[in-house]
Amino acid sequence: MERKTFNKVELHSRLGRLPTSSAQHSARRSFSVVFFCKKTKVTKKGKAPIYVRITTRGQSTEIYTQCQIEPEKWNQKAERSIFRDKVSVQVNDIN
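For clarity, every value in this text was computed on a predicted model and none was experimentally measured.

Engineer: Would you mind going over the side chain of Ser81 with me for this structure?
Structural biologist: If you trace the backbone, Ser81 turns up in strand S5 (residues 80–81). A polar contact is formed between the side chain of Ser81 and the backbone oxygen of Lys73, at a distance of 3.4 Å. A distance of 3.3 Å separates a polar atom in the side chain of Ser81 from the backbone nitrogen of Phe83. Beyond its immediate stretch of four places on either side in the chain, Ser81 contacts Ile69, Lys73, Trp74, Ser88 and Asn92.

Engineer: Got a minute to help me understand the sheet that holds strand S2 (residues 48–56) in this structure?
Structural biologist: The 3 strands are arranged S1-S2-S3 in an open sheet whose pairing can be described as antiparallel. Of all the strands in the sheet, just strand S1 (31–37) and strand S3 (59–69) have a single pairing partner and so form its edges. Pairs of neighbouring strands in the sheet enclose a mean axial angle of 20 degrees, with direction left out of account. Direction of pairing for S1 relative to S2: antiparallel, over a ladder of 7 bridges. The residue bridging Cys37 from the neighbouring strand is Ile50, located in S2. Sitting on the sheet, helix H3 (residues 86–94) touches S2 and S3, and the angle it makes with S3 is about 155 degrees.

Engineer: Just to check I follow, could you spell out the pattern of salt bridges for this structure?
Structural biologist: Summed over the entire model, instances satisfying the criterion amount to 4 salt bridges. With a shortest N-O distance of 3.4 Å, Lys73 and Glu70 are connected by a salt bridge. Assessed through its relative accessible area of 15%, Lys73 is described here as buried. A single salt-bridge network, built from bridges that share partners, covers Lys38, Arg53 and Glu62.

What counts, and at which threshold
Residues numbered from 1 in each chain as written. Predicted model: local features only at pLDDT ≥ 70, side-chain atom pairs only at ≥ 80, totals over all residues. Heavy atoms only, no water. Helix = DSSP H or I, 4+ residues; strand = E, 2+ residues; numbered from the N terminus. Polar contact = N/O pair within 3.5 Å; in protein donor to acceptor, adjacent residues only side chain to side chain. Contact = heavy atoms within 4.5 Å. Pairing = 2+ DSSP bridges. Axes fitted to C-alpha atoms, helices over the stretch in contact; angles between N-to-C directions. Salt bridge = Lys/Arg side-chain N within 4 Å of Asp/Glu carboxyl O. Buried < 20%, exposed > 50% of the residue type's maximum accessible area, 1.4 Å probe, protein only.

Now the structure itself:
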């Protein structure tokens, strides 16, 4: 079986993409996911909602995870709960 090689333009056309200029090609493409506790929205029960911020190509979106935790139990640097009670373990499993 003969192995065929394609140049960059042929490959892009076969994949249905147009070749990009060198400036666009070298542009940084990033994707990040960050979990955080919104301490500004604490409920009457003393719990704050946990959100996830997804950023790709400079556009970010915040999504509520349907989880709440006491703000003092949240470690933002680790993006996790620092306690080991039942609720904290469940929150950490979701993250």
